[in-house]
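Spelled out from the first residue to the last, the chains are:
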Amino acid sequence: MRKLLLIINLLLIFGCNGNIEKTKIEIPSAQCGMCAITIEGALNKIDGVKKVLVDMDALKVTVAYDGEKTDVKSFELAISNAGYQANETLSNAEVYKTLPGCCKLPEDR
Ligand SMILES: [Cu+2]
């Protein structure tokens, strides 16, 4: 019985984690902590995303994800639709307009 539990645990730890990939996305238009929370929230909504880490000093977000369920393009689109530039994908202009002043580029405030 113990052995069986051990095997089940190992399967839970490794079995479903087969295809975890990692990517870093540039978020050059992010300005403040609120931007970080917004971007983190948008990415965490995507099925297959395992972990999101926003680095506001480097203006990059690291995403760990299941490569069979989602991909970098989906992350770029989600960030764009949250109002921010992601790599070469520009922010959704309509959403960007609705961001609070502190989250806009200095020249747009
Ligand atoms: Cu902000």
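Residues numbered from 1 in each chain as written. Predicted model: local features only at pLDDT ≥ 70, side-chain atom pairs only at ≥ 80, totals over all residues. Heavy atoms only, no water.

Colleague: I keep staring at the nonpolar core and nothing clicks. Help me out?
Modeller: Proteins that are soluble and globular tend to have nonpolar side chains buried together. Counting residues in each nonpolar core, the largest one holds 22 residues, and the members touching the most others are Leu43, Val61, Val63, Phe75, Ile79 and Tyr84. Looking at this core element by element, the count peaks at 4 residues for helix α2 (residues 33–44). In contact with Tyr84, other than residues within four places in its own chain, are Ser29, Ala30, Cys35, Thr38, Ile39, Ile79, Thr89, Leu90, Ser91, Leu99 and Cys103. (Core = buried A, V, L, I, M, F, W, Y, C linked by side-chain atoms within 4.5 Å. Buried < 20%, exposed > 50% of the residue type's maximum accessible area, 1.4 Å probe, protein only. Helix = DSSP H or I, 4+ residues; strand = E, 2+ residues; numbered from the N terminus. Contact = heavy atoms within 4.5 Å.)

Colleague: How should the sheet that holds strand β3 (residues 60–66) be read in this particular structure?
Modeller: Within a beta sheet, neighbouring strands are joined by backbone hydrogen bonds and run either parallel or antiparallel to one another. Across the sheet, 3 strands lie side by side as β1-β3-β2; this open sheet has antiparallel pairing. In this open sheet, the two strands that pair with only one neighbour each are β1 (20–26) and β2 (49–55). Each neighbouring strand pair of the sheet contributes to a mean axis angle of 15 degrees, computed without reference to strand direction. The strands that α2 touches are β2 and β3; relative to β2, the one it contacts most, it runs at about 165 degrees. (Pairing = 2+ DSSP bridges. Axes fitted to C-alpha atoms, helices over the stretch in contact; angles between N-to-C directions.)

Colleague: What should I look at first to understand the coordination of the copper ion in this one?
Modeller: Each pair of donors in an ideal four-coordinate tetrahedral metal site encloses 109.5 degrees, whereas pairs in an ideal six-coordinate octahedral site enclose 90 or 180 degrees. On the protein side, the copper ion has Cys32 (SG), Cys35 (SG) and Cys103 (SG) as donor atoms, found 2.1 to 2.2 Å from it. When the donor residues of the copper ion are listed from N- to C-terminus, their spacing reads C-x2-C-x67-C. Of the two residues, Cys35 is situated in helix α2 and Cys103 in the segment after α4 (93–97); the sequence distance between them amounts to 68 residues. The residues Cys35 and Cys103 share a single accessibility class, namely buried. (Donors = N, O, S within 2.8 Å, 3.2 Å for Na, K, Ca; no water.)

Colleague: What is the right way to read a positive patch on the surface from this model?
Modeller: Judged by side-chain charge, Lys22, Lys24, Lys51 and Lys60 come together as a positively charged surface patch. The class for Lys24 is exposed, based on a relative accessible area of 57%. (Patch = residues over 30% accessible without salt bridge, like charges linked within 9 Å, V, L, I, M, F, W, Y side chains within 5 Å. Areas by Shrake-Rupley, 256 points an atom, 1.4 Å probe, with all protein chains shown as cover. Salt bridge = Lys/Arg side-chain N within 4 Å of Asp/Glu carboxyl O. Lys, Arg positive; Asp, Glu negative; His and termini not counted. Charge placed at Lys NZ, Arg CZ, Asp CG, Glu CD.)

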